[in-house]
Amino acid sequence: MTDGFVGYRSQLVETLQGKGVRDMAVLRAVATIPRHLFVPDPLRHQAYDDVALPIGNGQTISQPYVQARSCELMRLTGRERVLEIGTGSGYQTALLSMLAESVFSIERIADLARHAHEVIRALGLDNITIMHGDGSLGWRPNSPYDAIVVAAASPAIPQPLVEQLAPGGRLVIPVGPRDAQVLTLVTRHREDTGYESTPVHDVRFVPLLGQFGFAGTG
Ligand code: SAM
């Protein structure tokens with residue numbers, strides 16, 4: 001995409017490479033998707049800093065490094081069906097649209113889901129379907145998913161999400177209490193419904209609220 005932010009995106013790609021992101025498809029997506037369109041106007045000058053930013057409704061667009069690393073952990077080849085929980089601004093949804101065949105994304109705050117949908121439609125990304133609802137339940141009718149990414153902190157690994165993974169599928173999710181979590185890679189076994197879980201690194205996300213997340217409204 002040609003706009004006044006190309007240089008900023010290149011700098012962000014260099015920052016992510018410096019932090020160890022190696023997946024070229026992920027780096028290409030970061031170099032392409034106009035992150036400034038996903039942040040509120042007054043914060044556009046910070047859109048390509050490697051920081052989380054507020055997006056309204058008490059929510060955030062996550063730090064680019066964490067988003068890129070989460071995408072990388074899913075090891076996408078372009079042929080996958082992916083489920084994202086926590087659409088937020090829709091930026092990571094847009095990255096995923098360049099990395100997978102189809103992307104389903106769920107957001108519990110209607111305003112955010114609507115706004116993300118508008119930005120994504122304006123960009124012409126046509127392999128994304130966004131739903132307003134409780135993503136801790138997954139989205140069973142479209143399952144199984146080759147990969148699932150959760151962009152909010154969960155007290156534990158939600159069982160419905162593991163059930164909706166395809167054999168060998170990968171789930172990336174921050175797990176832990178509200179104030180600190182560990183980004184965790186869950187890989188479903190090919191031969192049965194069991195899974196392995198690997199801690200990747202410390203993170204801090206807003207809470208996943210809902211039936212298989214934290215109780216409450218904020
Ligand atoms: N990846 C997003 C982006 O690129 O902007 C950032 C997501 S933000 C850190 C987490 C989002 O998860 C918030 O928008 C929040 O409303 C949403 N969320 C929390 N619990 C949810 C649930 N049960 N189902 C769907 N979305 C949920």
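Structure: see above.
All of these numbers come straight from a predicted model, not from anything done at the bench. (Residues numbered from 1 in each chain as written. Predicted model: local features only at pLDDT ≥ 70, side-chain atom pairs only at ≥ 80, totals over all residues. Heavy atoms only, no water.)

**What about the overall build of the protein chain?**
What the protein chain contains, in helices and strands, is six helices and nine strands. Its C-alpha atoms give the protein chain a radius of gyration of 16 Å, near enough to 17 Å, the size a compact globule of 218 residues would have. Considered along the principal axes of its C-alpha atoms, the protein chain spans approximately 50 × 35 × 30 Å. Going through the 218 residues of the protein chain one by one, you find that 51% of them count as buried. For the protein chain, restricting intrachain contacts to residue pairs at least 6 apart in sequence, the fraction spanning at least 24 positions comes to 51%. Surface accessibility of the protein chain: about 9,800 Å² in total, with carbon and sulfur atoms responsible for 51%. Taking the average place of the 19 positive charges on the side chains of the protein chain and the average place of its 22 negative ones, the gap between the two points comes to 1 Å. (Helix = DSSP H or I, 4+ residues; strand = E, 2+ residues; numbered from the N terminus. Rg over C-alpha atoms; globule rule 2.2 N^0.38 Å. Buried < 20%, exposed > 50% of the residue type's maximum accessible area, 1.4 Å probe, protein only. Contact = heavy atoms within 4.5 Å. Areas by Shrake-Rupley, 256 points an atom, 1.4 Å probe, with all protein chains shown as cover. Lys, Arg positive; Asp, Glu negative; His and termini not counted. Charge placed at Lys NZ, Arg CZ, Asp CG, Glu CD.)

**As for unusual backbone geometry**
In this structure, the amide linkage connecting Ser-143 to the following residue, Pro-144, adopts the cis form with an omega of 5°. Topologically, Pro-144 is positioned in the loop between strand E5 (128-132) and strand E6 (145-150). Not every positive phi belongs to a glycine, and Asn-57 is a case in point at roughly 55°. Relative to the helices and strands, Asn-57 resides in the loop between strand E1 (53-56) and strand E2 (59-61). One non-glycine residue, Arg-75, adopts positive backbone phi at about 50°. Arg-75 gets classed as exposed once you look at its relative accessible area, which sits at 59%.

**Topic: the site of the ligand**
Near the ligand, the surroundings consist of 28 residues, among which Gln-67, Ser-89, Glu-107, Gly-135 and Leu-209 are the closest. One of the side-chain nitrogen or oxygen atoms of Gln-67 is found 2.8 Å away from an oxygen atom of the ligand. Within the backbone of Gln-92, one N or O atom sits 3.2 Å away from an oxygen atom of the ligand. Within the complex, the protein chains bury 100% of what would otherwise be the 600 Å² of accessible surface of the ligand. (Near = heavy atom within 4 Å. Polar contact = N/O pair within 3.5 Å; in protein donor to acceptor, adjacent residues only side chain to side chain.)

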